[in-house]
Amino acid sequence: MTKGFTIHATVFLSLSIFDPASVEASKLLNLTNYFIIAALFILLIVVALLVYVVIKFKAKPGAEEPVQSAGNKKVEAVMIGIPFLMVVGFFIMTVDTMREVHPEIASQTPDVIVTGHQWWWEARYPGTGAVTANEVHLPVNKKILLQFASSDVIHDWWVPELGQKMDMFPGKTTHLWLNIKEPGVYEGVCSEFCGAQHAWMRVRVVAQEWDEYQQWLLQKDQPAQEPATALAQKGKAIFNRSTCGNCHAIRGTVAQGQSGPDLTHFASRPVMLAGMMPTTEENLRAWLSDPQAVKPGAHMPRFIFEQDSINALVAYISGLK
Ligand code: CUA
């Protein structure tokens, strides 16, 4: 471990499907509630019958075997008929919910394209230059289309308060409709085991009113801010000299890599490393000093930097608002 480095729990994850914040999540919860009620009802009947039988037919000294009965058509009809009707009912309700929550897409351009990477999320907004990582901004009260892909292995998008999971496959796209009702920050996780840092592949959905969302998009469409200090200027030179730009893009500079997170507005995101820790200079310094100590397995190689160089890089990157 890097000396003095601690992982701060960044986000108190509240992952619950029982607190739906989108139209789709509400419909899914509605269906789930019917299932839960039916399951509890059956549990209750089964336990009650069991208790009744155990008490009623308890062995007593000197008692004979109770009367054995078989081939009771009425009982059998009820025992087959009720579950059959329930299965049919739930089948219809499920298909109905699926049609409402997950309709076919015609030819719409998605509002956002989310790509899963080991171990972070990339979000692009078609029609704009905005690219971000691990933080997906979406407007509220509008039916939006998310498109998913993967750059390596299978990942799975899951933001419980917003609805269902969706697998992300390499070489194939999937989609999800979302109509978020309440502005807020919703936490999500990757829910398909995808390697060493699967547990630290978290995503934040920031749901905003339309105007606020448009402002955000506009701001994220901008190229990176120029370094404000001499130290940050030095950091920029080191960044460009050290092949960082082979993996990372900082728009408006020569760094145009696509395989790592886009850093153009890195410092505007409150958490780094897919939700692992808050974006602070201290954490950034630890990460640049020894990525493998901070997030073992991450695809960020270790560069042997002088302390001065790390300070300069930290000054540069933490200025990218
Ligand atoms: Cu990505 Cu698990």
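All values reported here derive from a predicted model rather than from experimental measurement. (Residues numbered from 1 in each chain as written. Predicted model: local features only at pLDDT ≥ 70, side-chain atom pairs only at ≥ 80, totals over all residues. Heavy atoms only, no water.)

(A) Representation of the domain arrangement of the protein within the structure. On domain assignment, one finds that the protein holds domain 1 (23-56 + 73-101), domain 2 (112-220) and domain 3 (230-317). On a C-alpha basis, the centroid separation for the pair domain 1 and domain 3 is 53 Å. (Domains from an automatic or database assignment.)

(B) Broad picture of a negative patch on the surface. Taken together, the side chains of E182, E209, D211 and E212 make up a negatively charged region of the molecular surface. Among the structural elements, D211 can be located in helix α3 (residues 210-221). A relative accessible area of 58% means that D211 is categorised as exposed. (Patch = residues over 30% accessible without salt bridge, like charges linked within 9 Å, V, L, I, M, F, W, Y side chains within 5 Å. Areas by Shrake-Rupley, 256 points an atom, 1.4 Å probe, with all protein chains shown as cover. Salt bridge = Lys/Arg side-chain N within 4 Å of Asp/Glu carboxyl O. Lys, Arg positive; Asp, Glu negative; His and termini not counted. Charge placed at Lys NZ, Arg CZ, Asp CG, Glu CD. Helix = DSSP H or I, 4+ residues; strand = E, 2+ residues; numbered from the N terminus. Buried < 20%, exposed > 50% of the residue type's maximum accessible area, 1.4 Å probe, protein only.)

(C) Highlighting the environment of C244. Relative to the helices and strands, C244 is located in the loop between α4 (230-241) and β11 (271-272). Between the alpha carbons of C244 and F303 there is a distance of 9.7 Å; along the sequence they are 59 residues apart.

(D) Region of the structure containing the packing of aromatic side chains. Evaluated as defined, the whole model comprises eight aromatic pairs. When the centroid spacing of 5.9 Å and the interplanar angle of 70 degrees are considered together, the rings of F239 and Y316 count as edge-to-face. Of the two residues, F239 sits in helix α4 while Y316 sits in helix α7 (residues 307-317), which places them 77 residues apart along the sequence. For F239, a relative accessible area of 2% translates into the label buried. Taking the relative accessible area as the measure of exposure, Y316 reaches 2% and is therefore buried. With a centroid separation of 5.5 Å and an interplanar angle of 20 degrees, the aromatic rings of F303 and F305 are classed as stacked. (Phe/Tyr/Trp six-rings, centres within 6.5 Å; stacked < 30°, edge-to-face > 60°.)

(E) Structural context of the pairing of strand β5 (residues 143-150). Burial analysis of β5 places six of its eight residues in the buried class, which makes it a mostly covered element. Here strand β1 (residues 112-117) runs beside β5; their pairing, made up of five bridges, is parallel. Within β5, the residue paired with V112 across the bridge is L146. As defined by bridge partners, β5 adjoins strand β8 (residues 174-179) across six bridges and the pair is classed as antiparallel. Paired with Q147 across the strands is H175, a residue of β8. (Pairing = 2+ DSSP bridges.)

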